[in-house]
Amino acid sequence: MEIPNLVFSVWVFSIYLCQCRNGVEGSHEVYRNLQSVETPQISIASTENRTGYHFQAPKNWINDPNGPMYYNGIYHLFYQYNPYGATWGNIVWAHSVSTDLINWTPLDLAIYPSKPFDINGCWSGSATILPGNKPVIMYTGIDKQNQQVQNVAFPKNLSDPHLEEWIKPDYNPLMAPTPANGINPSSFRDPTTAWLGPDGHWRVLVGSQMETRGMALLYRSKDFVHWVKAKDPLHSSNGTGMWECPDFYPVSENGMDGLDTSTMGKGIKHVLKVSLSVNKSGDYYTVGRYIHEKDLYVPDNTSADDATGLSYDYGRFYASKTFFDARKNRRVLWGWMNELDGEASDIAKGWSGIQSIPRAVWLDRNGQQLMQWPVEEVESLRGKQVSFHEQLLKKGDLLEVDGITASQADIEVTFHLPRLEEAEPFDPTWVNPQILCNQKGANVNGSIGPFGLMVLASDGLDEYTAVFFRIFKGQDKPVVLMCSDQSRSTLREEVDKTTYGGFVEVDLRYGKLSLRNLIDRSVVESFGGGGRTCITARVYPTLAAGGKAHLYAFNRGTEAVRISKLNAWSMRTPRMN
Ligand code: DQQ
């Protein structure tokens, strides 16, 4: 993974000359003095908080997933990477390949600063498969004036099954900020996968902002070389700030199958996702209609079009990107999960950042939100299993799920609920589920709930992360709150222990509510209501690390709930880079 020496020296020198990023902004803290601090020679793999089956690099900093694609039998994942340290900086595209989305082989760096149009960094972007089965990557380069511009790169050798080497044509950049187009050179980045319109022209979106209005700028091209900016953005929303890593794709109104990004027509809605870092950072999306004759996207008015709306994940999940997996006819989502234990700890451990378990995404039958579920391949890692059936959980009960590796596990549980008449009344002013989860944490007794799982728990419960539900009586239907409470997740003071929450739009007619948890040492990915609401937590247990972790089901509501079934598996470690 070596960048050629000469290129690297020129690049370091140019960064040295700049001293500051001259208005180039991303959503990461920049510790200029730390971004090339060498990783210490410790046994990284042995650190107890390092994940076992999530995607990560052998060492150093990683952030956004880039250009995921399925090509000729191989899955490719590129990602933002700092080859020289465990904090953000020196950003290049690292590259790994897989045949099953679970076992990954690292390759040489795919795209790194080497030309005037990307000499100060190779930032996020996407892959598109052009007619004739030719992949192309479009990415943001930070050019020699520190402006954000959009470039393409092509595989050097299409008969190399790994597509290891990428060539950047000299006609780059394809899109650049100019005084005429009025684009802010530090808010112009992260091109999407392109789609082909019925008129034979390609379209691509680039994230941007004008004052506080976030927007997805639209560009069109006949030949993927000459791109013209459309007069109007595909969509914009006031007060949302910079739209990072936009993603725009069709979803079927009739089932779980994914669609190629250029699919249009009847029975299809579209999803527009943007990553927002103002206020509560996260990946927010709307479901709506793409009016392709006008190249406009109109969100349905069933959810808010800002950071109070629907999110892929109400915990740590950012800069995500989907791709169409033609092998299994599904759309697959990847998201970056950052560390929360501080940059000093990142440097000490020598790594920072992981990617989520890839998730299949599809439109819920109600047409108003997405469903997400870990790709089925993750089940190939399941080892030893324990199960419970028809187990009553009365107020105060704590049921240990013993016999599996509780620090690296997959758990699926279905709860049977008591009569919903007993639920606490829901106050309609409770619009923010995160605040509600903060007020009504795992230790605040209720009537139906809190009940759920305590994961990565220590003997004596000095440390645990509680993922739970609480049910309220709403005006015309029950309200389901899902929380991930990290307040007791570690004894380490410096760790961010924010509690997360989301409402779950689930039909409780049959009195059932499900929860799935992927636990992996320092990450807990939770899927509530069959994948309607997802919450990811990063946690750093000390007493409950590794072999000392326990797993419990609990109920702290006055009403008993029944576990109809619970299956838990130890998870094996795949080949990970
Ligand atoms: N990360 C990249 C940018 C993007 C941001 C830089 C989002 O392209 O906007 O590493 O995390």
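The structure presented is a predicted model; accordingly, all values stated were derived computationally and were not measured. (Residues numbered from 1 in each chain as written. Predicted model: local features only at pLDDT ≥ 70, side-chain atom pairs only at ≥ 80, totals over all residues. Heavy atoms only, no water.)

A. Quick look at the nonpolar core. Phe 415, Phe 451, Phe 469, Leu 513 and Leu 566 are the most contacted members of the largest nonpolar core, which has 61 residues in total. For this core, the element with the highest residue contribution is strand 30 (residues 448-457), accounting for five residues. Viewed by domain, this core spans two of them, domain 1 (5-9 + 20-44 + 61-374) and domain 2 (384-571), each represented by three or more residues. Residues contacting Leu 513, with those up to four places away along its chain left out, are Val 413, Thr 414, Phe 415, Leu 417, Phe 451, Phe 469, Ile 471, Val 480, Val 506, Leu 508 and Gly 529. Counting residues in each nonpolar core, the second largest holds 18 residues, with Ala 57, Leu 77, Leu 101 and Val 375 among its members. (Core = buried A, V, L, I, M, F, W, Y, C linked by side-chain atoms within 4.5 Å. Buried < 20%, exposed > 50% of the residue type's maximum accessible area, 1.4 Å probe, protein only. Helix = DSSP H or I, 4+ residues; strand = E, 2+ residues; numbered from the N terminus. Domains from an automatic or database assignment. Contact = heavy atoms within 4.5 Å.)

B. Examining the state of the cysteines more closely. Considering all chains together, one arrives at one disulfide under this definition. Here Cys 437 connects covalently by a disulfide to Cys 483, the sulfurs 2.1 Å from one another. Note on the Cys 437 and Cys 483 pair: the S-S dihedral is about -80°, so by sign convention the disulfide is left-handed. You can see Cys 437 sitting in helix 3 (residues 433-439) and its partner Cys 483 sitting in strand 32 (residues 478-485), a full 46 residues away along the chain. Across the pair, exposure class does not vary: Cys 437 and Cys 483 are buried alike. Here Cys 245 is not cross-linked by a disulfide; its sulfur's nearest cysteine counterpart is in Cys 122, at 15 Å. (Disulfide = S-S within 2.5 Å.)

C. Quick peek at the pattern of salt bridges. With the rule as written, the count across this model stands at 34 salt bridges. Among the salt bridges present, the one from Arg 203 reaches Asp 295, with a minimum N-O distance of 3.0 Å. Of this pair, Arg 203 sits in strand 11 (residues 202-210) while Asp 295 sits in the loop between strand 17 (282-291) and strand 18 (296-299); the two residues are 92 residues apart in sequence, bridging distant segments of the chain. On the basis of relative accessibility, which here comes to 3%, the residue Asp 295 falls in the buried class. The shortest N-O distance in the salt bridge between Asp 341 and Lys 349 comes to 3.0 Å. We note that Asp 341, like Lys 349, is buried. Salt bridges sharing partners connect three or more residues here, namely Glu 339, Asp 341, Asp 346, Lys 349, Arg 492, Glu 494 and Arg 538. (Salt bridge = Lys/Arg side-chain N within 4 Å of Asp/Glu carboxyl O.)

D. Region of interest: the sheet that holds strand 5 (residues 122-130). Strand order in the open sheet formed by four strands is 5-6-7-8, and the pairing between neighbours is antiparallel. Lying at the two open borders of the sheet, with one neighbouring strand each, are strand 5 and strand 8 (166-167). Where strand 7 (residues 148-155) meets strand 8, two bridges bridge the pair, whose relative direction is antiparallel. The partner of Pro 155 across the bridge, within strand 8, is Trp 166. (Pairing = 2+ DSSP bridges.)

E. Highlighting the sheet that holds strand 22 (residues 351-352). Taken together, five strands build an open sheet; the order of strands is 4-3-2-1-22 and the sheet is mixed. Every other strand in the sheet has two partners, leaving strand 4 (105-106) and strand 22 as the edge strands with one partner each. Bridge count between strand 3 (residues 92-98) and strand 4: two bridges; the pairing is antiparallel. Bridge pairing in strand 4 links Val 97 to Thr 105.

F. Geometry of the domain arrangement of the protein chain. The domain architecture assigned to the protein chain consists of domain 1 (5-9 + 20-44 + 61-374) and domain 2 (384-571). The partner domain 2 presents 26 residues to the 25 residues of domain 1 that form the contact. Per-residue buried area on domain 1 facing domain 2 is highest for Tyr 314, Leu 340 and Trp 373; these three make up 31% of the total on that side. Our count for the contact surface shared by domain 1 and domain 2 stands at four salt bridges. (Buried area = accessible area lost by both parts, 1.4 Å probe.)

G. Structural view of the side chain of Ser 407. Structurally, the position occupied by Ser 407 is in the loop between strand 27 (398-400) and strand 28 (408-416). Side-chain polar atoms of Ser 407 contact the backbone oxygen of Gly 546, separated by 3.4 Å. When residues no more than four places from it in sequence are discounted, the contact partners of Ser 407 are Leu 456, Ile 519, Asp 520, Arg 521, Gly 546 and Ala 549. (Polar contact = N/O pair within 3.5 Å; in protein donor to acceptor, adjacent residues only side chain to side chain.)

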